[in-house]
Amino acid sequence: MQNKYLINAAKRFWFWFWQKLMNGFAPSDIQGNYKRPKGFLIDKTFNFQSNTEKTYLLVGNSCPWCHRTLLVYKLKQLSRQVKVIFLEADINSGQWVFNEKFKGCESLNKFYKKASKHNVFRSTLPLLFNFHNDQVNILSNESSQIVSFLGSIKGECSQKTLKINNCDQDLLKVIQTEINDGVYKCGFARNQRSYEKASKRLFEALKKIEKKLDKNIGNWICGEELSYADIYLFPTVIRWELIYRNLFKCTEKEISDFENIIKWRLKFFTLPSVSETCFDSEWKNDYYRALFPLNPNQIIPVLPSLEEIILSIPK
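Residues numbered from 1 in each chain as written. Predicted model: local features only at pLDDT ≥ 70, side-chain atom pairs only at ≥ 80, totals over all residues. Heavy atoms only, no water.

Explain the overall build of the protein chain here, please?
Scanning the protein chain from N- to C-terminus turns up 11 helices and six strands. Burial statistics for the protein chain: of 315 residues in total, 50% are counted as buried. Of all intrachain contacts in the protein chain linking residues separated by at least 6 positions in sequence, the fraction that spans at least 24 positions is 73%. On the protein chain, roughly 16,700 Å² of surface is accessible, and the fraction owed to carbon and sulfur atoms is 49%. (Helix = DSSP H or I, 4+ residues; strand = E, 2+ residues; numbered from the N terminus. Buried < 20%, exposed > 50% of the residue type's maximum accessible area, 1.4 Å probe, protein only. Contact = heavy atoms within 4.5 Å. Areas by Shrake-Rupley, 256 points an atom, 1.4 Å probe, with all protein chains shown as cover.)

Below is the structure:
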């Protein structure tokens, strides 16, 4: 029989070590509630229409905040105005790295330093920037701001692109704080109380969206036209069965119970080029291997493909 004192000591050490790891992965308040670090906006006066410099967008395949920027980029067909560069998640070093050196930098961290951003909490994606006199000019690393920037670009007359409408800001805030951040508040909760609080608010917010879709004349969250509410919600809901349900303990209800959201998700997924922004293999590899505090053995569960999940649910 193992020594109970040794077992208790090991548990206490592991919990202490887990807390230290979580402080690096996901900062929290004193009650144990996850708080997502905010990005920064550098140039509030930047205007794509008057800018002659090439603009760059750095993204990662697995990041949901990057995903929303990619959706706007694809739906508005912005390849002429913006160059997208994908970075990979280096599991061993815990940072984003370039596939090939970019401006002499191998990692995102070095690129931030090149841009003279030494004191940020973490070098994060997405990142929108251009070059001014050969110097890196960061425009923003906050996804909501980048989405707004990209959405403000006027397409060429020859291009027929989907229009993305503005929507009620209170609704957008609910999606952002209670659903987008909400799944992370569940997964990164430090204690039972903070987890249950996050779970309750997450599923209450999903119920609000479900009811809103039920009352709509059209097929989108805000009615007949696509809006930023749809852009914000999709990256979270599309990852649900593969990532958030199990790894982040979002288990209070099955996402399939929200029939209107499921129908909406399928409709959004079939929009032109949207499937090109979904990388389910990378999602599983990065989430289950990189988030060591949530999955210490780094085992990637056997799961159906994204298309199997999307198409298996009755329309």
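So much for the structure itself; the text now carries on.
What is the right way to read the sheet that holds strand 2 (residues 82-90) from this model?
Think of a sheet as strands paired side by side through backbone hydrogen bonds, with each pair either parallel or antiparallel. Across the sheet, which stays open at both edges, the six strands sit in the order 4-3-2-1-5-6 with mixed pairing between neighbours. Either end of the sheet is taken by a strand with one partner, and the two such strands are strand 4 (105-107) and strand 6 (135-140). Direction aside, neighbouring strands of the sheet carry axes that sit 35° apart on average. Relative to strand 5 (residues 127-132), strand 1 (residues 55-60) is paired through four bridges, and the arrangement is antiparallel. Looking at the pairing, Leu 58 lines up with Leu 127 of strand 5. Running at roughly 135° to strand 1, helix 2 (residues 64-75) makes contact with strand 1 and strand 2 of the sheet. (Pairing = 2+ DSSP bridges. Axes fitted to C-alpha atoms, helices over the stretch in contact; angles between N-to-C directions.)

Hey, could you run me through the packing of helix 7 (residues 228-238) against helix 8 (residues 240-247) in this one?
A pair of packed helices is captured by two measures, namely the crossing angle of their axes and the spacing between those axes. Look at helix 7 against helix 8: their axes get within 6 Å of each other, and the N-to-C directions meet at 75°. Between helix 7 and helix 8, the angle falls in the class roughly perpendicular. Residue-level contacts link Thr 236, Val 237 and Ile 238 of helix 7 to Trp 240, Glu 241 and Tyr 244 of helix 8. Here the contact of helix 7 with helix 8 is composed, by residue class, of four nonpolar, one polar and one charged. (Parallel < 35°, antiparallel > 145°, perpendicular 65-115°, else oblique. Nonpolar A, V, L, I, M, F, W, Y, C, P; charged D, E, K, R; others polar.)

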